[in-house]
Amino acid sequence: MGVKVLLVEDDPSIAQSVVASLTTAGLEVTHVDSGQGAIDAVAAVQPDVVLMDLGLPDMDGLDASKTIRETSSVPIIIVSARGDELDRVLGLELGADDYVVKPFSQRELLARIRAVTRRGADTAPASSSPSVVGSERLVIDERAHTVFLDGEEVVLTAKEFDLLAYLATEPNVVFRRNDILEHVWDTNWFGTTKTLDAHIASIRKKLGSPDWIQAVRGVGFKFVEVAQ
Ligand code: CA
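We now examine the packing of aromatic side chains. Evaluated as defined, the whole model comprises two aromatic pairs. Ring geometry for tyrosine 166 against phenylalanine 175: centres 4.8 Å apart, planes inclined by 55 degrees, an arrangement best described as tilted. Since its relative accessible area comes to 15%, tyrosine 166 is described here as buried.

In structure tokens form, the structure reads like this:
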């Protein structure tokens, strides 16, 4: 089965070329041209990834993404026309998984899609590798792709999950920024440092305390069990 992409783009010429190239690459593309269309299509189509334009006729792409995020952890790649909009994207701690800036090459777009959807295509981990990591209060199940805090499910985006699961494999051990970026995000690109900080902030917020992931100045981050 091909990867299902939901393309949210109101510019017909951009939409046409993206649909053509992704379809040629073997992906299954559903195209909508509005924010409401995107919200409806996430429920109807159950895409593997959403490509979200920011400037839409009926609402801001960020608002559409936030609404989608309330009910779905589907990876969202923000497609922005201007680099300086990205500060806004990250500042909102939206939980977007990645972004590309227009104009982008089709190759770059495909690489981004592959990176955020790779998890779904992965084969099951070897049976010797632990499926559940974390701590007494926080249970991270890598096979079921779920996180429970004190028995309550915490809904994370795909990248937030990867990041938390990675840090939690070794509690109290400091992971270097570069190692985190390399492990959780594959490519080295200009936005990753800010993206990492935005994802850390979002995870902390969702876990209800900043103490779960502690920053070690000049080095990186560590996962720490928080007492109740
Ligand atoms: Ca637009």
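Ranked by size, the top nonpolar core spans 27 residues in total, and within it Leu138, Leu163, Leu164, Leu167 and Ile180 carry the most contacts. Looking at this core, the elements that each hand over two or more residues are β7 (138–141), β8 (146–149), α6 (158–168), α7 (177–184), α8 (192–207) and β12 (220–223). Looking at which element gives the most residues to this core, the answer is α6, with seven residues. Excluding residues within four positions of it along the chain, leucine 163 makes contact with Ile180, Val184, Trp185, Leu196, His199, Ile200 and Ile203. Residues Leu6, Ala38, Met52 and Ile76 belong to the second largest nonpolar core, which totals 18 residues.

Next up on the list: the pairing of β7. Inspection of the sheet shows β7 paired to β8 by four bridges, in the antiparallel sense. Residue pairing for β8: leucine 138 is matched across the bridge by leucine 149. Where β7 folds back onto β8 in an antiparallel hairpin, the turn is made up of four residues, including histidine 145, whose phi is positive at roughly 60 degrees.

Before going further, it helps to spend a moment on the coordination of the calcium ion. Think of it this way: four donors in a tetrahedron around the metal ideally sit 109.5 degrees apart, and six in an octahedron ideally sit 90 or 180 degrees apart. Protein ligation of the calcium ion involves Asp10 (OD), Asp53 (OD) and Gly55 (O), the donor distances falling in the range 2.2 to 2.3 Å. Sequence positions of the donors to the calcium ion reduce to the motif D-x42-D-x1-G. Residue aspartate 10 is located in the loop between β1 (4–8) and α1 (12–24), and its partner glycine 55 is located in the loop between β3 (49–53) and α3 (61–71); the two are separated by 45 residues in the primary sequence.

Taken as a whole, helix α2 (residues 35–45) has its buried residues at Gly35, Gly37, Ala38, Ala41 and Val42. All buried residues of α2 project into a common sector of 145 degrees when viewed along the axis, lining one side. Facing away from the buried surface of α2 by more than 90 degrees, the exposed residues are Ala43 and Ala44. Of the surrounding elements, those touching the buried residues of α2 are β1, β2 (28–32), β3 and α3. Between the side-chain oxygen of the N-cap and the backbone nitrogen of glycine 37 there are 3.0 Å, and the N-cap of α2 in question is serine 34. Of the residues one or two after α2, glutamine 46 is the one with positive phi, at around 55 degrees.

Within α3, burial applies to Gly61, Leu62, Ala64, Ser65, Ile68 and Arg69. Buried residues along α3 cover an arc of 155 degrees about the axis, so they all sit on one side. For α3, the exposed residues lying more than 90 degrees away from the buried face are Glu70 and Thr71. At the N-terminal end of α3, a side-chain oxygen is found 2.7 Å from the backbone nitrogen of leucine 62, two or three residues along, and the residue is aspartate 60.

Looking at where glutamate 160 falls in the secondary structure, it is placed in helix α6. Since its relative accessible area comes to 0%, glutamate 160 is described here as buried. A polar atom in the side chain of glutamate 160 sits 2.7 Å from the side chain of serine 202.

Pairing in this open sheet of three strands is antiparallel, and the strands run β10-β12-β11 from one edge to the other. Two strands close off the open sheet at either side, each with one partner strand: β10 (175–176) and β11 (213–216). Bridge count for β10 against β12 is two bridges, and the pairing is antiparallel. Along β12, the bridge assignment pairs phenylalanine 175 with phenylalanine 221.

On to unusual backbone geometry, then. One non-glycine residue, aspartate 150, lies in the positive phi region at around 50 degrees. The topology assignment puts aspartate 150 in the loop between β8 and β9 (152–153). Unusually for a residue other than glycine, asparagine 172 sits at a positive phi of about 70 degrees. Structurally, asparagine 172 is set in the loop between α6 and β10.

Criteria and cut-off values
Residues numbered from 1 in each chain as written. Predicted model: local features only at pLDDT ≥ 70, side-chain atom pairs only at ≥ 80, totals over all residues. Heavy atoms only, no water. Phe/Tyr/Trp six-rings, centres within 6.5 Å; stacked < 30°, edge-to-face > 60°. Buried < 20%, exposed > 50% of the residue type's maximum accessible area, 1.4 Å probe, protein only. Core = buried A, V, L, I, M, F, W, Y, C linked by side-chain atoms within 4.5 Å. Helix = DSSP H or I, 4+ residues; strand = E, 2+ residues; numbered from the N terminus. Contact = heavy atoms within 4.5 Å. Pairing = 2+ DSSP bridges. Donors = N, O, S within 2.8 Å, 3.2 Å for Na, K, Ca; no water. Arc of directions from axis to C-beta. Polar contact = N/O pair within 3.5 Å; in protein donor to acceptor, adjacent residues only side chain to side chain.

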